[in-house]
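Structural overview
Below are the chains, spelled out letter by letter.
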Amino acid sequence: MNETTPTLLVNDLRFSYPDGHQALNGVDVVIRRGEKVALVGPNGAGKSTLILHLNGILNGGEQVQIAGMPTTRKNLPQIRAKVGLVFQNPDDQLFSPTVFEDVAFGPLHMGLPEDEVRRRVGYALAQVGMGDFAGRLSHHLSIGQKKRIAIATVLSMDPEILVLDEPSAGLDPRARRALINLLDELPLTMLVSTHDMLMVRELFPRMIIMDEGRVVADGKTAVLLEDTTLLESHGLEKP
Amino acid sequence: MNVMLLPAAAQLMHIPDGFLSLAISLICWGITAVFLALAIRNAQEAFDERLIPLAGIMAAFIFAGQMINFPVAGGTSGHLIGATLAFIVLGPSLGLLAMAAVIILQALLFQDGGLVVMGANLIGMGIVPGYAGYAIYQFWQKRGGRMQLAAAGVGAWVAIMMAALVVALLLSFSGTTSLAIAVPAMLGVHALIGIGEALITVAALAFIRQTRPQLLSREGEAQASNGWIAGGIAVAILVALFSPLASASPDGLESVAQQAGFLGAAQDAPFQLLPDYTIPVLGDGGASTIAAGIIGVLVVAGLMYTLTRNLRKPSE
Amino acid sequence: MHVNTFDRYESRQSAIHQLDPRVKVVVTVLFIVANALLPDGAWLAFLAAWALLLFVSGAAQIGLGWLLKRSLIVGPFLLAAVTVVFTLPGNGLAQWQLGPWTLVPTDAGLLRFVSIFIRSWLSVQMAILLTATTQFPDLIHALHHLRVPNVLVSIISFMYRYLFELANEAGRLLRARESRSAAGVNGRSSSGGSLFWRAKIAGHMVGQLLLRSFERSDRVYNAMVARGYNGRLLTMNPHHMKSSDWQLGGVGVVAILLIQLVARL
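Structural notes, computed from the coordinates. Nothing here was measured: the structure is a model prediction, and the numbers come from that model.

Calculation notes
- Residues numbered from 1 in each chain as written.
- Chains lettered and ligands numbered in written order.
- Predicted model: local features only at pLDDT ≥ 70, side-chain atom pairs only at ≥ 80, totals over all residues.
- Heavy atoms only, no water.
- Contact = heavy atoms within 4.5 Å.
- Buried area = accessible area lost by both parts, 1.4 Å probe.
- Salt bridge = Lys/Arg side-chain N within 4 Å of Asp/Glu carboxyl O.
- Helix = DSSP H or I, 4+ residues; strand = E, 2+ residues; numbered from the N terminus.
- Nonpolar A, V, L, I, M, F, W, Y, C, P; charged D, E, K, R; others polar.
- Expected span 1.5 Å × (residues − 1).
- Buried < 20%, exposed > 50% of the residue type's maximum accessible area, 1.4 Å probe, protein only.
- Arc of directions from axis to C-beta.
- Axes fitted to C-alpha atoms, helices over the stretch in contact; angles between N-to-C directions.
- Parallel < 35°, antiparallel > 145°, perpendicular 65-115°, else oblique.
- Left-handed = near helix turned anticlockwise from the far one by under 90°.
- Polar contact = N/O pair within 3.5 Å; in protein donor to acceptor, adjacent residues only side chain to side chain.
- Pairing = 2+ DSSP bridges.
- Phe/Tyr/Trp six-rings, centres within 6.5 Å; stacked < 30°, edge-to-face > 60°.
- Lys NZ or Arg CZ within 6 Å of the ring centre and 35° of its normal.

1. Re the interface of chain B and chain C
On the side of chain C, 87 residues touch chain B, which itself brings 83 residues to the contact. Taken over both partners, the interface formed by chain B and chain C buries close to 7,700 Å², and the fraction arising from carbon and sulfur atoms is 80%. Looking only at chain B, the three residues that lose the most surface to chain C are B:Ile52, B:Ile57 and B:Gln111, adding up to 9% of its buried area. The tally of links between chain B and chain C comes to two salt bridges. B:Arg212 serves as the salt-bridge partner of C:Glu215, at 2.5 Å between the closest nitrogen and oxygen. Take the side of chain B that touches chain C: its biggest share by element is 14 residues, from helix α3 (residues 51-65) of chain B. Considering only residue class, the side of chain B that touches chain C consists of 58 nonpolar, 19 polar and six charged.

This is the structure in structure tokens:
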């Protein structure tokens, strides 16, 4: 891969659900290495559908490329290691009885040897500041802790890009602050879907606005957040 | 005692260790192992890689669903046990795996049911009620509409009675209790519990039919399940045959009068709730206990049929 | 509902807690099997089995009172077994008049009943000690190691993970129902409506919970696939049998055999 290959390339992606609902009407997104990008828009805009395409849970085929690799069926095992997808509800993301088993799940299913798995679990937990939590039971954690562990479950796969769905939803102010600091510190390419416009302004230099299955704006956060007409026409508010 | 008995009766399904002979326990484990192996194979074919999260979460659902109760009368409450509902909604193989997980976890985590007798509990609370309820449902549901719900209600009630019968038989075979007492006592108590189970199963299915009908009409599985109907009916017949056969077992039939007396004292409270189902019928001997059981089953089955029909009316 | 509602683990720093979970499972099952093999009225052997139990609970620092309270769970079943006191043929010990009926407890019946009670009570306490000294995920690992079919163990593991979440959801539904059902005018009924209406509400809650569980299983499946799951669930079992595990396990097995010997002398 050379320097100009984007980490994420989505080219004219279209998708409709079996019930006929057209969720994506030709979406184009390019994200380069090291960028931290916010994805905003009203509910039903197609953000979650787009995210499900990024590592092939919904099949985008050649229309979606991760670091130059199309998300075809043959490539899916590598794609899933490259795209760290964290779902909105950490109780869906953390499906193992203990924290260790959850963080180990990704590397283990990548076929890594057990020593390497252990090393990566330690590293990922340390990165989210939860180094002592390996032996804890998942259902004993607070929601803020669960969100951090959920991020660790994909960090342990050493992804090219981190994709988060609503990371700050449901957090109390202190847990939200801790999460924002964590995202700020992580040296990774990121695409974050959110309604939290304050976080967008603070954390993401670039933002993409989606509505009705299309990208309706893509540019500097500082500029787009000043365009009140644009924001209001897509059900958003200036923070 | 009378206040205790009905909540305790739900417990009466989970046999603890020590109440069954080792031979019975091991035979039950053998039968269970065969059913579980078949269920795992069939479920893996049908659900592929979705099987584990689906079955695990559905098992947790049944456990949580058992917490939902509703007041019946006199401080007693009805609640879900779940085998029939699980088999109808999930299909027999996934349904059995979910029930098995519930029973195993209840034993391992809460000691609700023993470890060595777990095979017997899997038969009594999973295999027999599941297939019995499912077979009755499949047999009648094809006519659709209200018949479908009525079939589920009757199936759920019979399933509970079958489960109670199996537990009673296993206990008496092990010499832990006398058949002449255990069968009518278990059936009597569970005739009431079964009504709660039937009502809640029907209402849950009615809700699912309104909000997500496709869950109940998966074509591929319905076809594959024809074999299971036969299996279920076979289990039902087997259990029904067992009960008169077992009445020949010689454990203390000479003191039946005293037993009935003891029973009358102990079981007074629940029987008052169903005044037609009276104790004196049981007085004379082994054969009449079976007869009483069967009469009771028929009476309540008829009742259930009428009830389930009425239940549907308001929501249409 | 507190997150610990469904946990039966008692955290201590004891040799029993640190013992490999496989050893604990095997010894517990052997103990229960051996109990089932003890004949009626083998008092000395019952006493020896109880001594073993006391030793284990002492070593695990689990209080006897706590153990006793938890073991009451066998209570309801004693009701089913108590009938043998009157039905097993033997010498009558007394005659009790109960209304129109005469009850005659027999010596053989009493012997059987007390023996059933003791066997069951000993067995359930050992099972309680197993869960009190072993975190449930370790118990799941032990089942993996002991060759319980993988699919079944994995299902149990998922069930354990979502037990609390779904029970909590059921609790929320129940609370919502309670907060909306006011007492009747006469103050008698807090449940309202006919029996069918009440059953219907409860059934709808069950149906609701079922649909939510279905949807959750979809989302969980997606989260698994997103991390590379392709139908083969891999686990790491962080347990290795140490020599102390073998030794303690061996001691347990020998003790159980000795108890059988005592019963047959």
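2. Brief notes about helix α11 (residues 243-264) of chain C
Residue and element names in this part refer to chain C. The terminal C-alpha atoms of α11 lie 32 Å apart, and with 22 residues this matches the ideal 32 Å at 1.5 Å per residue to within 8%. Turning to α11, its buried residues number three or more, namely Asp245, Gly249, Gly252, Ala255, Ile256, Ile259, Gln260 and Ala263. Across the axial projection of α11, the buried residues extend over an arc of 140°, all falling on one side. Opposite the buried face of α11, at more than 90 degrees from it, the exposed residues are Ser243, Trp246, Gln247, Val251, Leu257, Leu261 and Arg264. For α11, the secondary structure elements touched by its buried residues are α1 (15-18), α2 (21-37) and α3 (43-59).

3. Thoughts on the environment of C:Ala202
By secondary structure assignment, the location of C:Ala202 is in helix α10 (residues 195-226). Relative accessible area serves as the criterion here: at 0%, C:Ala202 is assigned to the buried category. As a C-alpha pair, C:Ala202 and C:His144 span 58 residues in sequence and 37 Å in three-dimensional space. Filtering out sequence-adjacent residues up to four positions away, C:Ala202 remains in contact with B:Ile68, B:Asn69, B:Phe70, B:Ile200 and C:Arg177.

4. Remarks on the packing of α3(B) against α10(C)
The geometry of α3(B) relative to α10(C) is characterised by a closest axis approach of 9 Å and an angle of 150° between their N-to-C directions. Considered as vectors, α3(B) and α10(C) are oriented roughly antiparallel to each other. The handedness of the crossing between α3(B) and α10(C) comes out as right-handed. From α3(B), B:Pro53, B:Leu54, B:Ile57, B:Met58, B:Phe61, B:Ala64 and B:Gly65 reach across to α10(C), where they touch C:Val206, C:Leu209, C:Leu210, C:Ser213, C:Phe214, C:Arg216, C:Ser217, C:Val220, C:Tyr221 and C:Met224. Residue composition of the contact of α3(B) with α10(C), grouped by class: 13 nonpolar, three polar and one charged.

5. A closer look at the interface of chain A and chain C
With 33 residues of chain A in contact, the opposing surface of chain C contributes 30 residues. Of the roughly 2,800 Å² buried between chain A and chain C on both sides combined, carbon and sulfur atoms contribute 60%. On inspection of chain A and its partner chain C, the count reaches five salt bridges. The partner of C:Arg216 in a salt bridge is A:Asp92, with the nearest N and O atoms 3.4 Å apart. Put simply, chain A and chain C have twelve residue pairs in polar contact (both at pLDDT 80 or more) between them. Residue assignment for the side of chain A that touches chain C shows that the elements contributing at least two residues are α3 (90-93), α4 (99-109), α5 (114-127) and α6 (143-155) of chain A. With seven residues, the single largest contributor to the side of chain A that touches chain C is α4(A).

6. Notes on the sheet that holds strand β1 (residues 8-16) of chain A
Pairing between the strands of a sheet is mediated by backbone hydrogen bonds and can be parallel or antiparallel. All names here are of chain A. Across the sheet, four strands lie side by side as β2-β1-β4-β5; this open sheet has antiparallel pairing. Single-partner strands in this sheet number two, and they are β2 (22-31) and β5 (69-71). Across this sheet, the average inter-strand angle for adjacent strands is 30°, counted without regard to direction. When strand β4 (residues 61-66) meets β5, the two strands line up antiparallel, connected through three bridges. In the sheet register, Gln65 faces β5, and the bridge partner there is Pro70. In the packing of helix α1 (residues 47-54) onto the sheet, contacts are made with β1, β2, β4 and β5, and the angle to β1 comes to roughly 120°.

7. A closer look at the packing of aromatic side chains
This structure, assessed with the given rule, holds 13 aromatic pairs over all chains. Ring centres 5.8 Å apart and planes at 10° place the aromatic pair A:Phe95 and C:Phe158 in the stacked group. Taken together, the residues span two chains, with A:Phe95 in the loop between α3 and α4 and C:Phe158 in helix α9 (residues 150-180). Like C:Phe158, A:Phe95 is buried. Residues C:Phe117 and C:Trp121 carry aromatic rings whose centres are separated by 6.4 Å and whose planes lie at 20° to one another, so their mutual orientation is stacked. One end of the pair is C:Phe117 and the other is C:Trp121, both in helix α7 (residues 107-133) and four residues apart, which spans about a single turn. Relative accessible area serves as the criterion here: at 31%, C:Phe117 is assigned to the partly exposed category. The positively charged end of C:Arg161 is found above the aromatic ring belonging to C:Tyr162, 5.0 Å away from the centroid.

8. Points about the environment of B:Met99
Residue and element names in this part refer to chain B. With respect to the secondary-structure elements, Met99 resides in helix α5 (residues 92-110). In this structure Met99 comes out as buried when scored by relative accessible area, which is 2%. Residues within four places of Met99 in sequence aside, it is in contact with Ile62, Ile81, Gly82, Ala83, Ala86, Phe87, Met125 and Gly126.

9. Examining the packing of helix α4 (residues 83-90) of chain B against helix α8 (residues 179-211) of chain B
Residues and elements named next belong to chain B. Contact pair α4 / α8: the axes reach a minimum separation of 9 Å and the direction vectors enclose 25°. Relative to α8, the element α4 is oriented roughly parallel. Classified by chirality, the crossing of α8 by α4 is right-handed. Between α4 and α8, the contacting residues are Ala83, Thr84, Leu85, Ile88 and Val89 on the first element and Glu197, Thr201, Ala204, Leu205 and Ile208 on the second. In terms of residue class, the contact of α4 with α8 is built from seven nonpolar, two polar and one charged.

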